[in-house]
Amino acid sequence: MNWFTGILVYIIVWWVMLFAVLPWGVRKVENPEEGHEVGAPANPMLGRKALITTGLAAIVWVAIYFALENKVIPLRVE
């Protein structure tokens, strides 16, 4: 895997992990104000979720990297 492919794989893994992490710890507002979405979270904690996503994506990326480098997942048909 070259550096460009590695970066692209990390970005894709990061976005997938973000969508998996977003629902964690969501609590809706008990009495929303007029004009506010009823299902909107009270405190979305996006910074914390971005850090968690970055760490989890790094772990998954390393696993993908080792699987590709050790030919556990072959990409080329010979």
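Preceding this section is the structure that the text describes.
What you are looking at is a predicted structure, and each value in this text was computed from that prediction instead of being measured.

The rules behind each value
Residues numbered from 1 in each chain as written. Predicted model: local features only at pLDDT ≥ 70, side-chain atom pairs only at ≥ 80, totals over all residues. Heavy atoms only, no water. Core = buried A, V, L, I, M, F, W, Y, C linked by side-chain atoms within 4.5 Å. Buried < 20%, exposed > 50% of the residue type's maximum accessible area, 1.4 Å probe, protein only. Helix = DSSP H or I, 4+ residues; strand = E, 2+ residues; numbered from the N terminus. Contact = heavy atoms within 4.5 Å. Expected span 1.5 Å × (residues − 1). Arc of directions from axis to C-beta. Polar contact = N/O pair within 3.5 Å; in protein donor to acceptor, adjacent residues only side chain to side chain. Patch = residues over 30% accessible without salt bridge, like charges linked within 9 Å, V, L, I, M, F, W, Y side chains within 5 Å. Areas by Shrake-Rupley, 256 points an atom, 1.4 Å probe, with all protein chains shown as cover. Salt bridge = Lys/Arg side-chain N within 4 Å of Asp/Glu carboxyl O.

Trainee: Mind showing me how you'd approach the nonpolar core here?
Mentor: When a protein is soluble and globular, its nonpolar side chains tend to lie buried together. Residues Val-13, Trp-14, Met-17, Leu-18 and Ala-57 constitute the largest nonpolar core, which totals five residues. Ranked by the residues each element gives to this core, the list is headed by helix α1 (residues 3-21), at four residues. Non-local contacts of Trp-14, meaning those with residues more than four positions away in its chain, are made with Ala-50, Thr-53, Thr-54 and Ala-57.

Trainee: I would appreciate a short explanation of unusual backbone geometry in the present structure.
Mentor: If a residue is not glycine, its phi is most likely negative; likewise, a peptide bond is most likely trans. Positive phi is not limited to glycine here, since Met-45 has a value of about 50°. For Met-45, the location among the structural elements is in the loop between α1 and α2 (46-69). By relative accessible area, Met-45 is classed as partly exposed at 24%. Even without glycine at this site, Lys-71 takes up a positive phi of about 60°. The class of Lys-71 is exposed, set by a relative accessible area of 63%.

Trainee: So what exactly am I meant to see when it comes to the side chain of Thr-53 here?
Mentor: Note on placement: Thr-53 falls in helix α2. A residue is classified by how much of its surface remains accessible, and Thr-53, at 0% relative accessible area, is buried. Setting aside residues up to four positions removed in sequence, Thr-53 forms contacts with Trp-14, Met-17, Leu-18 and Val-21.

Trainee: Whenever I open this one, α1 confuses me. Can you help?
Mentor: Given 3.6 residues to a turn, an α-helix orients residues that are three or four positions apart in the same direction. With 19 residues, α1 should reach 27 Å at 1.5 Å per residue; the first-to-last C-alpha distance of 26 Å fits that figure. Where α1 is concerned, the buried positions are Gly-6, Val-13, Trp-14, Met-17, Leu-18 and Val-21. The buried residues of α1 all sit within an arc of 140° when viewed along its axis, so they share a single face. Exposed side chains of α1 directed beyond 90 degrees from the buried face belong to Ile-12, Val-16 and Phe-19. On the buried face of α1, the contacting elements are α2. A side-chain oxygen of the first residue of α1 lies 3.3 Å from the backbone nitrogen of Phe-4; this N-cap is Asn-2.

Trainee: Help me out: how do you make sense of the environment of Met-17 in this one?
Mentor: Structurally, the position occupied by Met-17 is in helix α1. Discounting residues that sit within four places of it in the chain, Met-17 has contacts with Thr-53, Leu-56, Ala-57 and Val-60.

Trainee: Is there a simple way to explain a nonpolar patch on the surface in this structure?
Mentor: A contiguous nonpolar patch, built from Trp-3, Phe-4, Ile-7, Leu-8, Ile-11, Trp-15 and Phe-19 and spanning about 810 Å² of accessible area, is present on the exposed surface. If you trace the backbone, Leu-8 turns up in helix α1.

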